[in-house]
Amino acid sequence: MAAPPDAEVSSTLSLELLPTDPLLLILSFLDYRDLVSCCYLNRRLNQLSRHDPLWKRHCKKYWLFSEEEKARRNQGWRDIFISTYSDLGRYIQYYATLKKAWDDLEQYLGQWCPRMISSLKESVREEDLDAVEAQIRCKLPDDYRCSFRIHNGQKLVVPGLMGSMALSNHYRSEDLLDIDTAAGGFQQRLGLKQCLPLTFCIHTGLSQYMALESVEGRNKYEIFYQCPDQMALNPSAIVMFITGTSYLEWFTSYVNKVVTGGYPIIRDQIFRYVHDKDCVATTEDITVSVSTSFLPELSSVHPPHYFFTYRIRIEMSKDALPENICQLESRYWRITNAKGDVEEVQGPGVVGEFPVISPGKVYEYTSCTTFSTTSGYMEGYYTFHCLSNKDRFFNVTIPRFHMVCPAFKVSTA
């Protein structure tokens, strides 16, 4: 039988009435903004939201602070969070991602390219970045500013932090520019209006630029290599090979490729060859793998001339028998562009050499090709002869490898 209306007792559960431990557990799931808001609700929540262990998670999540760093600073977690936020609060959505990228990169360089570490410059102050904005009369994106609060690029040295590329008669190594050098190269000329250089190569003069405004057909914060449009009537018209859509995406994707071994380290430098893991072929005891790279500084859209370099690795299994030692005699290439046009090339040796391959030995070389289309592929074989049996010749497959020009657009200047 239902109770009469006047017998109903209404009760409301209040957070204030909860015991301390479950209330602290609830607060531990709040983001820092909500935790701060709790300070203004009532006296008890104000006191509990100041509970120092609640701020440990936020210090680690947003500022990557460790227990060791806390001990060195001799501060509580809440004080660390607040003092760091007062300095870097505008970058809170970017800082952890960029700081981790820089930390990973430094650790990797320390192991594989130690001399590059000394070229990195210390962070800049907030007022330095404000002064650059006043100088160029344009706002810098927060992710870019945040990165320079961690490291101010590098000195103009070789090798460059942003990768190298070398052919027999061509060398490129890109430095990550410090903020003052970048500001000095800020462009207002037709074709590159309101574009800030991010990198610079001392040998070729090549830079990657970031658009600070959406002008001349560019998207705001788009990053690109520029090359002249040789067939345009306007000499300021350029073609832009797009390398990133934002500084955060551009920098972190590059660092990830470096630290995961996606780019080879050659002579203490990062070389920007991309290797497709499926691009490997094994014939008997010999394995051939290929990595490729697009060279914007040697390419052109108008007229169409797309320049690629490729690096070949030839390796004989260490378990091969000694009598399998052989020498490369000749090469055959079948080169196909995007239109299906085929060119065949056959000749002695590779890059003027006739390497001998023995168990466990690796031979690598670099060559290049051009296409009149934005993509194409190559495949073929090497002919070897066995040194223990001069009459024995055999072909070793070169796997098909594709080369694709990055997305590009023409300036509307």
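Quick caveat, the model's predicted, so the values are computed rather than measured.

**Thoughts on the domain arrangement of the chain**
Annotation of the chain at the domain level lists domain 1 (20-89), domain 2 (95-258) and domain 3 (273-404). Taking only C-alpha atoms, the centre of domain 1 and the centre of domain 3 are 57 Å apart.

**Regarding the side chain of His-151**
With respect to the helices and strands, the residue His-151 is situated in the loop between helix H10 (142-148) and strand E1 (164-167). Of the residues examined, His-151 reaches a relative accessible area of 9% and is grouped as buried. A distance of 3.1 Å separates polar atoms of two side chains, one belonging to His-151 and the other to Glu-106. In this view, His-151 contacts Trp-102, Glu-106, Leu-120, Lys-121, Glu-122 and Ser-123; residues no more than four positions away in its chain are not counted.

**Some details on the UniProt feature "domain: ApaG" (unreviewed entry) in the chain**
What UniProt calls "domain: ApaG" (unreviewed entry) maps, in this numbering, to residues 280-410. As a span, residues 280-410 carries 0% helix and 66% strand, and end to end its C-alpha atoms are 36 Å apart.

**Points about the packing of aromatic side chains**
Taken as a whole, this structure holds 29 aromatic pairs when the rule is applied. An angle of 65° between the planes, with centres 5.5 Å apart, marks the rings of Trp-63 and Tyr-95 as edge-to-face. Here the residue Trp-63 occupies a position in helix H4 (residues 56-63), and Tyr-95 occupies one in helix H7 (residues 95-112), the gap between them amounting to 32 residues. We classify Trp-63 as buried; its relative accessible area is 3%. Taken together through their ring pairs, the aromatic side chains of Tyr-32, Trp-55, Tyr-62, Trp-63, Phe-81, Tyr-85 and Tyr-95 make up a single cluster.

**Considerations on the nonpolar core**
Counting residues in hydrophobic clusters, the biggest one holds 62 residues, and the most contacted among them are Leu-140, Tyr-144, Leu-161, Tyr-247 and Phe-251. When residues of this core are assigned to their parent elements, the largest contribution, 7 residues, is made by H7. Taken domain by domain, the makeup of this core includes at least three residues from each of domain 1 (20-89) and domain 2 (95-258). Those residues in contact with Leu-140 that lie beyond four places of it in its chain are Leu-129, Val-132, Glu-133, Arg-145, Ile-179, Leu-196 and Leu-212.

**Details of a nonpolar patch on the surface**
Together, Leu-156, Val-158 and Ile-202 give the surface a local cluster of nonpolar side chains, amounting to about 240 Å² of exposed area. With respect to the element layout, Val-158 can be found in the loop between H10 and E1.

**Digging into the pattern of salt bridges**
The full count for this structure, using the stated rule, is 26 salt bridges. As a salt-bridge pair, Glu-67 and Lys-56 come within 2.7 Å of each other at their nearest N and O atoms. Taken as a pair, Glu-67 in helix H5 (residues 67-73) and Lys-56 in helix H4 lie far apart in primary sequence, 11 residues in all. Among the residues examined, Lys-56 registers a relative accessible area of 28% and is labelled partly exposed. Between Glu-364 and Arg-311 there is a salt bridge, with its nearest N and O atoms 3.3 Å apart. Residue Glu-364 is located in strand E16 (residues 362-371), and its partner Arg-311 is located in strand E12 (residues 306-316); the two are separated by 53 residues in the primary sequence. A residue is classified by how much of its surface remains accessible, and Arg-311, at 15% relative accessible area, is buried. When salt bridges with common partners are traced through the structure, they connect Asp-87, Arg-90, Glu-126, Asp-130, Glu-133, Lys-139, Asp-142, Arg-145 and Arg-149 into a single cluster.

Reading the values: the criteria
- Residues numbered from 1 in each chain as written.
- Predicted model: local features only at pLDDT ≥ 70, side-chain atom pairs only at ≥ 80, totals over all residues.
- Heavy atoms only, no water.
- Domains from an automatic or database assignment.
- Helix = DSSP H or I, 4+ residues; strand = E, 2+ residues; numbered from the N terminus.
- Buried < 20%, exposed > 50% of the residue type's maximum accessible area, 1.4 Å probe, protein only.
- Polar contact = N/O pair within 3.5 Å; in protein donor to acceptor, adjacent residues only side chain to side chain.
- Contact = heavy atoms within 4.5 Å.
- UniProt positions renumbered as here; feature names shortened; annotations may be inferred.
- Phe/Tyr/Trp six-rings, centres within 6.5 Å; stacked < 30°, edge-to-face > 60°.
- Core = buried A, V, L, I, M, F, W, Y, C linked by side-chain atoms within 4.5 Å.
- Patch = residues over 30% accessible without salt bridge, like charges linked within 9 Å, V, L, I, M, F, W, Y side chains within 5 Å.
- Areas by Shrake-Rupley, 256 points an atom, 1.4 Å probe, with all protein chains shown as cover.
- Salt bridge = Lys/Arg side-chain N within 4 Å of Asp/Glu carboxyl O.

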